[in-house]
Number of protein chains: 2
Amino acid sequence: MFARSVSCAVRSTARILAPARSASTSAAASSAAAAVATGATPSIAALRAATQQVARLSTAATARGSSATAAVSDHAQFATEASSSTPKHAAATGVRQVIPMGSQSLKCAWADGKAAEFHYIWLRDNCHCPACRHPVTHQKVLDTPSLPINIEPASLRVNADGNVDIVWNNDGHKSTYDAAFLRQNMYSLYETRPPTNSTRKENMTLWDQNIIESQLPIMEYSELATDDKGVLKWLKMLERYGVAVVRGSPAEKEQVLAMGRRIAHIKETSYGLLFDVLNEPRPGAHLAYTGVELKHHSDMNYMEKSPGIQILHCIRADATGGESVFVDGFWIAEWLRKTDPTAFQVLSSIDVGFGIKNGDHSYINHVPIFCADRNQEVYEVHVNNRTMQPLISHPDAIVPFYSAFRQINEKMRERASEWRLDMRAGDVVAFNNRRVLHGRTSFDPSSGVRHLQGCYIDRDDFASRMRQLMAKHASH
Amino acid sequence: MFARSVSCAVRSTARILAPARSASTSAAASSAAAAVATGATPSIAALRAATQQVARLSTAATARGSSATAAVSDHAQFATEASSSTPKHAAATGVRQVIPMGSQSLKCAWADGKAAEFHYIWLRDNCHCPACRHPVTHQKVLDTPSLPINIEPASLRVNADGNVDIVWNNDGHKSTYDAAFLRQNMYSLYETRPPTNSTRKENMTLWDQNIIESQLPIMEYSELATDDKGVLKWLKMLERYGVAVVRGSPAEKEQVLAMGRRIAHIKETSYGLLFDVLNEPRPGAHLAYTGVELKHHSDMNYMEKSPGIQILHCIRADATGGESVFVDGFWIAEWLRKTDPTAFQVLSSIDVGFGIKNGDHSYINHVPIFCADRNQEVYEVHVNNRTMQPLISHPDAIVPFYSAFRQINEKMRERASEWRLDMRAGDVVAFNNRRVLHGRTSFDPSSGVRHLQGCYIDRDDFASRMRQLMAKHASH
C-alpha cells in the first residue's frame, strides 16, 4: 500500500538516482547519495518525509568484516554471512535512509554516503527470520518459487538500530535486514563484482626461484604433531605458496594418509586411496615408477575435476639423483600474460583434451591450460604432455597453440623458475595440484631405493578445514 | 627439403584450397577435394606428380568407428584411439593423396572425397611410433615443447596401405599416420567441432511422466547379483534416463556401498562414505532427516564439483507417505529453452552461489542453474533453494532471474513432469545428480520407520566403468 501511494514520486526519483546504478567508484556512489541527502527535488523531499529517517551514525567505518573474518572466509559470500550475524558490524555503519525506486526495488543509503539498490523479490528471498531460514542449519526453508515476483512492501522503515524493517504486502510477513548484510551484498554497484570460484587472492604469493628460496615454506613435524595450530600454519603456507614442506615426520608407510587426514578425508582415485612411487623398474609401469626424468606437470588432468591438493611423503631416499622440482604455474601464467598477451589468450581459450587408458580405466577431460574466470583471473593450470590428446581446434589456432605451449614449457624449465627439493626420509610436501607443477630429475634406480607415497585431497575440503581452523584460532 | 622445393607451387595451392577450410558441410568439403582431384591448375598437377598417389580404394564407407566402438566411448577422442588401433578401419577409407599447403601444413584427401588440413607440428606431435608413445601405457613420451615449431617433412608420401609416411627434416625421424586416425581428427573442418565435456548424447532419452512411465527403467537385483552384464544393463539405463531402479536387493545396512562398488570406488564427502536418511526427528538435523516434504533439488551444489551419481538404498519403509520424486532437469531445460529462450539465457548465464555451514564444514561454489557448453548444450543442472546464497548479479538481471527460477520450479512441480516411486525395502535407485532432480513427499515420522542409506560416485568413474564393460561385452 505504502509503495503504491508514492509511486508517482518514485518515478522521478528513479531517474535522479540513476547515476548511482553505474557508479564504478565509491566517489560516484557518494555523490549520488549526497544528491538524495540534500533533497535536490521536491519529490525526494516528499520521499524523505515518507520514509523514516534515523540520525546519521557517528562512525563511517566500513562494515566489510574484521580482518580476521575476511581471512577465514574464502569467498565474499561467506564473509557476508559471518558479518551479518555479528551485531557490532551493524553498529559500525547503519542505514540512514531507504527510498522506494519504483514497484520493484528500493535504494538504501548508509551513514557514510554509500547507496545501493535492492529489489523487493531479492529482499523477500533473503529474509533471515527463523521461519524463512533454519536457525540451526542456516538452510533456507522459505520456498522461493512460491513468492510473487511483483511483491512490494506494505510498509518500509529504518529502525532505531539502523537496520531496515519491511512488512510485505502479500501476506503481512515481517522482515528485518541487518545493515551489514545489505552492505555486504550491494550487487547494484559495479565495484561489487559477481563472485567466482577463483582461488587467487591477496593472501597468495606468486614465486620464482629467488622468491621461494628467500621465503622457504618449510616447517617441522613437531609443530603440528599434536597441535592443530601447527596444521593451520601448514595450510596457510600451502595456500600462500601453493607448496609447503613438513620435515621430520615418521618415515613409515601410510604416514601420508595420517598427514592428509589432518586436513580432511582422502580423495580416492582410480589409483586407490594411496599411491606408491617406488624405484622398481617394472615393464608396463607408469612412467612415474621408473627412474626417468619427469618434466613439470600436474596430475590427473583427465578427471572431470583434477585433484586439488597432492601430498607426497618420502619413506626412503637412498638413490642418487631424483630431486623433486616445483614451478608456480600462476607465476608462469602472469609472466606469459605480460610478455605475450596473445599467447596467454591462446592458452586460456583453447580446450585441450587430456586422457588416459590404464588397465580397466579410461578417462578423458577437456580444459584449457590456463583456466581464467570472467575477470580474466587464472584459477587453475593444467599441464601434462604425456596425457594430452590430439588437439582439435580451429586450424588457424594450431601453430599458435604449439608456439605458446613451447614458450611456457621453456620458461618452466629455466632454473630461475624452479624450486628444487632433495627430499629426505620423513619429508612431506603438499602442493596445490591446480597451481604448482611438479617434476623430478632422473635418477639411477640401481643406486638405491627411492620410495614415496602420495595421496590427494580435494581443494574445497582443504578450504573448509582452513576456514574452520582460522575461526577456531581467531576466537581463542 | 621436399617441402621447400615445392614452396612456390604451394602458395597458390593454399589459395585455391581455401574454401575447404570453411567447409561446414561435407558437400563443400567434397567439392574442394574434387577441385584437387581434377587438377584445376598446373600447380596442383605438379603437386600431384610430386606426391605419391595410390589407387582410389573401392569402398567409401566412413571410418568413424563401428557402432559398438562409438557407443563404448563417451568422447570422440577416445573413439578415435579405439579406431586407429583397428586395422580394418584403415582399410575402409585410405588416404588417396597428400598435398603440401605451404610451410606449415598439408592437405589430406581420402578416397571418398573428404579432404582436411593438418599442420606439420600437429602431425609430429601425434606420431604414434613406440619411441614417441609408450606402447603399453599409451602415454606420450615425446617431449612436445622440444619440437621446432616450423618443423617440415623432408619427404612425404601415401604408402601402399593408404596411410601417410613422413620423414622429418630436423632429425630424420620417421612417422606413419594411420588413415583412420587422421580421418577421426579432421580439425580443419567445421563439421568436426571441438570436443567438450558435455554428457548429452544420442543415447539419452529426455523424459516427462508419460515417457518415463511408458519405459520404466527398472530391473531385478538377481540380474546383476553375480553377472556384470547385469551391471552394464543398469549403467546403460542410468545413462539413458539419468535414473535407474534395481528391485529386490538385500535390505541390509551398507548394501548401498556394495552396490556402488559394482560401479567404482565410493566418493567420500564431508558426510562420510555413506549417509543415513532416517526418520528420527533430531533437533538441528539436516532437513532431509525430518519428515518434511523435500522439493526437487540436486545435492551438494556447493562443492567445486557436485557428486555425479547418487545411489539410495531403502532398508525399511514402514512410514506412511514419503514417496521419492524425480524430475529430468535436462527435459526442464529444453522445455524452457523452447517456451522462453530469454529465461533460458538468464538461467544458463548467471552464476548462483551455493553454500553450507554445517558443524565444522563450510563450502561455497558458484555455478549457473543450467550449465551449457559453447555449443549451448546443457550438461549440468544445479537446483537447491535451501543452499542458494544471496544473488549477486547485475541489478537488471535480478527480477528476470527470480522469474525464470519460478518458471522452472513450477514446471518441475507439475505432476506431468515427475516420476514418483514408492520405495520398498530392498529397492535401490541410482541417478545422475547433475541431471535428475530428486525430492520426497512429506511423511509422518510417527507412522513407522523410514530408513534409506545413500552414497555417491563420480561421473567420470562411472563413465570409465561403462566403457570398460561395453568393451568387454562387445568383444565376447
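These figures come from a predicted structure and were not determined experimentally.

**Q** Before we move on, can you summarise the pattern of salt bridges with the specific residues and values?
**A** Close approach of charged atoms lets side chains of opposite charge pair. Residues and elements named next belong to chain B. Across all of its chains, the model carries 46 salt bridges over all chains by this definition. Where D125 meets K140, a salt bridge forms, and the shortest distance between an N and an O atom there is 3.1 Å. On the criterion of sequence distance, the pair formed by D125 in helix α8 (residues 120-125) and K140 in the loop between α8 and β4 (153-158) is long-range, its members being 15 residues apart. Of the two residues examined, D125 and K140, each falls in the buried class.

**Q** Residue-level account of the relation of the copies chain B and chain A, with values.
**A** Mapping chain B onto chain A is achieved by rotating through 180° and translating by 0.0 Å along the same axis, at an RMSD of 0.0 Å. Viewed as a symmetry operation, the transformation between the two copies matches a two-fold axis. Across chain B, the smallest distance between a C-alpha and the rotation axis is recorded for B:K305, namely 3.4 Å. When the interface residues of chain B are mapped onto chain A, 100% of them again fall at the interface, so both copies present the same face.

**Q** An account of the interface of chain B and chain A is needed here, citing residue identities and associated values.
**A** With 94 residues of chain B at the contact, the number on the chain A side is 94 residues. Both faces combined, the contact of chain B with chain A buries some 8,600 Å², and carbon together with sulfur accounts for 53% of it. Run the count over chain B and chain A and you get 6 salt bridges. In this structure, A:R434 engages B:E304 in a salt bridge whose closest nitrogen and oxygen atoms are separated by 2.8 Å. Run the count over chain B and chain A and you get 34 residue pairs in polar contact (both at pLDDT 80 or more). Residue contributions to the side of chain B that touches chain A peak at 8 residues, all from helix α15 (residues 398-413) of chain B.

**Q** Describe in detail the packing of aromatic side chains, supporting the description with residues and values.
**A** All names here are of chain A. The full count for this structure, using the stated rule, is 24 aromatic pairs over all chains. Between F344 and F370, the ring centres sit 6.0 Å apart and the planes meet at 25°, which makes this aromatic pair stacked. With F344 in helix α14 (residues 341-349) and F370 in strand β16 (residues 370-372), this pair connects stretches of sequence that are 26 residues apart. Looking at F370, the relative accessible area reads 1%, which means it is buried. Relative to Y402, the ring of F401 has its centre 5.8 Å away and its plane inclined at 85°; by these criteria the two rings are edge-to-face. For F401, a relative accessible area of 1% puts it in the buried group. For Y402, a relative accessible area of 3% translates into the label buried. Ring pairing ties together the aromatic residues W110, F118, W122, F181 and Y187, which thus form one cluster. Above the ring of W110, the side-chain terminus of R183 is found at 5.4 Å from the ring centroid.

**Q** Describe unusual backbone geometry, with residues and values.
**A** Of note, A:Q376 is a non-glycine position whose phi angle comes to about 70°, a positive value. Mapping A:Q376 onto the fold places it in the loop between β16 and β17 (378-381). Judged by relative accessible area, which is 33%, A:Q376 ranks as partly exposed. Of note, the phi angle at B:M300 is positive, near 55°, even though the residue is not glycine. Inspection of the secondary structure assignment puts B:M300 in the loop between β10 (294-297) and β11 (309-317).

**Q** With reference to specific residues and values, describe the sheet that holds strand β3 (residues 115-119) of chain B.
**A** All names here are of chain B. Taken in spatial order, the 3 strands make up an open sheet running β1-β2-β3, and their pairing is antiparallel. Either end of the sheet is taken by a strand with one partner, and the two such strands are β1 (95-100) and β3. Sheet twist, expressed as the mean angle between neighbouring strand axes with direction ignored, is 25°. Here β1 runs beside strand β2 (residues 105-110); their pairing, made up of 5 bridges, is antiparallel. Note that in β2 the partner of P100 across the bridge is L106.

About the criteria used
- Residues numbered from 1 in each chain as written.
- Chains lettered and ligands numbered in written order.
- Predicted model: local features only at pLDDT ≥ 70, side-chain atom pairs only at ≥ 80, totals over all residues.
- Heavy atoms only, no water.
- Salt bridge = Lys/Arg side-chain N within 4 Å of Asp/Glu carboxyl O.
- Helix = DSSP H or I, 4+ residues; strand = E, 2+ residues; numbered from the N terminus.
- Buried < 20%, exposed > 50% of the residue type's maximum accessible area, 1.4 Å probe, protein only.
- Least-squares fit on C-alpha atoms with pLDDT ≥ 70 in both.
- Contact = heavy atoms within 4.5 Å.
- Buried area = accessible area lost by both parts, 1.4 Å probe.
- Polar contact = N/O pair within 3.5 Å; in protein donor to acceptor, adjacent residues only side chain to side chain.
- Phe/Tyr/Trp six-rings, centres within 6.5 Å; stacked < 30°, edge-to-face > 60°.
- Lys NZ or Arg CZ within 6 Å of the ring centre and 35° of its normal.
- Pairing = 2+ DSSP bridges.
- Axes fitted to C-alpha atoms, helices over the stretch in contact; angles between N-to-C directions.

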